[in-house]
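Structural overview for review
Spelled out, the chains give:
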Amino acid sequence: MSTSGELPSDQWFSEVDPRTDIEAIRQALAQRVQAGMDNEAAVRALAGRDRVVVAELIIGPRALRSPAWTHLSLAVVDVLERALSPGPLYRRLADLAEDRSVAVLEKAVERHPDAGWLVPLSSRVEGPEMGKTHLLAVAGRASFLESCSAYAEAGARRGLLRVAVQTRRIEPLAALAQVADERALVLATVHLIRAEHPPPVAAWLAAVWGPDPTPILVGALALLHARVPGRVPILLEQSARWPRVALAARGLSAGGHSEPIL
Amino acid sequence: MKMPAPPSVFAFGDAGPLPFLGHFRAEVAGPGSLLRVAGRWGGVGNAMEACALAGGVEQAVRRLVRSVERPDDRVMMLRGLWAELMEMAKHTPAAMQADFAVLIMASDGRGVTVSGTGLAGCWSATHGLPPQPVVPSAHPLLSGLGMPPRRPGGMTLNRVPNVLFAELRHPMVPPRGLPAGDLFAAAGARR
């Protein structure tokens, strides 16, 4: 075995037979990864001879699990995509990556920003915050609304709220309106009104929910009144078109209760 | 004979991600009269511009009782609203008027009259019965989009339904007909 110190060299990988020496290759790669060596060139060269073996090594049942291994996997993910369809590939990579699975999701979004399988992958990786990574990355794309809708349909709520606040875009609200989630829209309204520079959220609601979004605005009013009363005037200013919102505000100021939306 | 309750009025949302951009819905009660409207104005603008125009129509409806001489007369209420809308149109850029569409219902102790412009379809619904077209497709109530040059006529209903639904014409999308599913939700009036 030609080695660099005690570790197998790149040359060694070109001399072994990928199929018959797969266990030796696995061991050599593990040693080099553990030693912090750059393995990308060696793996790419190996893939040029047998990409199925490379896939077996990197994402097969006996694949290693470590941050360095995840790093290597993502560096050669284009090679892996030639051996396996991307949906199952990234799901497997995310499972192997464990606490670095967000890096896998980011890579998947980078390479396949409009893929439908990103929704279940995001759910697997981000749990209740599903949608956040993907939607923030594709906010500038024409498919943004479509992507928001896909997540809303799949049950994403917290992730959509975060995206609404961070992007100050109407699409996450439109997606929540499409699935008729009044409670999520109330929360989104509250978060947007609390932002440093609130967008015209009441006008947005009228465009996505219906010409009379009073129930949503009153729900948001009640929450703001309880938690951040200093932001109530902003909501009222935006809601001037709907007189019952101001009426509800007067009721709250007088010690009354709002409609129990939440 | 006691008049039946006047119908509620709703307009279905448009196709696309912002189905209610520029949509308005309002009502005002006079002495023995009631006027209800649903429509769209300013849907070619952004959300704030559309909201401002739609809100302007709703305000015009609400102040109608004070601005017409005979607020107890449904015909006078209708004429008053058309006059208000046409006056508003004079101060609105032409580009923002292109998608104007409205269904108006006015009632008093003597009957119920509907008027409108820019309607692709109009259906009546009565409890327990499937929606029925109010007029045939060639009826003048189903006119083109935009503020009409002259005040449109009104049509008195022989039978008073519970609800009137309107499909508004769209500058870009052909009419789709009666939506499937919950008609109230399709009109942005979730119950």
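A short tour of the structure in this document, coming up. (Residues numbered from 1 in each chain as written. Chains lettered and ligands numbered in written order. Predicted model: local features only at pLDDT ≥ 70, side-chain atom pairs only at ≥ 80, totals over all residues. Heavy atoms only, no water.)

This brings us to the sheet that holds strand β8 (residues 155–156) of chain B. Residues and elements named next belong to chain B. Reading across from one edge, β2-β3-β4-β5-β8 is the order of the five strands in this open sheet, with antiparallel pairing throughout. Across the chains shown, the open sheet's two edge strands, defined by having one partner strand only, are β2 (23–30) and β8. Relative to strand β3 (residues 33–40), β2 runs antiparallel, the two being bridged by eight bridges. Following the sheet pairing, Ala29 is matched in β3 by Leu34. (Pairing = 2+ DSSP bridges. Helix = DSSP H or I, 4+ residues; strand = E, 2+ residues; numbered from the N terminus.)

On to the interface of chain A and chain B, then. In this complex, chain A contributes 19 residues to the contact, which on the side of chain B involves 18 residues. Interface area for chain A against chain B, summed over the two sides, is near 1,400 Å², with a carbon-plus-sulfur share of 63%. On the chain A side of the interface with chain B, the three residues burying the most area are Ala207, Pro211 and Arg241 of chain A, jointly 42% of the side's total. Counting across the chain A and chain B interface gives one salt bridge. Glu58 of chain B serves as the salt-bridge partner of Arg241 of chain A, at 2.8 Å between the closest nitrogen and oxygen. No other element matches the five residues that helix α15 (residues 201–208) of chain A contributes to the side of chain A that touches chain B. Partitioned by chemical class, the residues of the side of chain A that touches chain B number 15 nonpolar, two polar and two charged. (Contact = heavy atoms within 4.5 Å. Buried area = accessible area lost by both parts, 1.4 Å probe. Salt bridge = Lys/Arg side-chain N within 4 Å of Asp/Glu carboxyl O. Nonpolar A, V, L, I, M, F, W, Y, C, P; charged D, E, K, R; others polar.)

Residues and elements named next belong to chain B. The strand order across the open sheet formed by four strands is β1-β9-β6-β7, and the pairing between neighbours is mixed. With one partner strand each, in any of the chains shown, β1 (8–11) and β7 (132–133) form the two edges of the open sheet. With four bridges connecting them, β1 and strand β9 (residues 163–168) associate as parallel partners. Opposite Ser8, over in β9, you have Val163 as the bridge partner.

The next point concerns the pairing of strand β5 (residues 111–117) of chain B. Residue and element names in this part refer to chain B. For β5, the buried fraction is high: seven of the seven residues fall into the buried class. Burial along β5 is two-sided: the face carrying Gly111, Thr113, Ser115 and Thr117 and the face carrying Val112, Val114 and Gly116 are both buried. By the bridge criterion, seven bridges tie strand β4 (residues 101–108) to β5 in an arrangement that is antiparallel. Within β5, the position partnered with Ala106 by the bridge is Thr113. Between β4 and β5, which pair antiparallel and follow one another directly, the connecting turn spans two residues. Pairing between β5 and β8: two bridges, direction antiparallel. Paired with Thr113 across the bridge in β8 is Thr156. (Buried < 20%, exposed > 50% of the residue type's maximum accessible area, 1.4 Å probe, protein only.)

With that out of the way, let us pick up the pattern of salt bridges. All names here are of chain A. Following the criterion strictly, the structure yields 29 salt bridges over all chains and no others. The partner of Arg65 in a salt bridge is Glu98, with the nearest N and O atoms 3.3 Å apart. Of the two residues, Arg65 is situated in the loop between α4 (51–59) and α5 (67–75) and Glu98 in the loop between α7 (86–97) and α8 (101–111); the sequence distance between them amounts to 33 residues. The class for Glu98 is partly exposed, based on a relative accessible area of 46%.

So, on to the packing of aromatic side chains. All told, the structure shown has eight aromatic pairs over all chains when counted by the stated rule. Three or more aromatic residues joined by ring pairs form one cluster here, namely Phe10, Phe12, Trp123, Phe165 and Phe184 of chain B. Over the aromatic face of Trp209 of chain A sits the side chain of Arg190 of chain B, whose NZ or CZ is 3.8 Å from the ring centroid. (Phe/Tyr/Trp six-rings, centres within 6.5 Å; stacked < 30°, edge-to-face > 60°. Lys NZ or Arg CZ within 6 Å of the ring centre and 35° of its normal.)

Nothing here speaks to function; it is all geometry.
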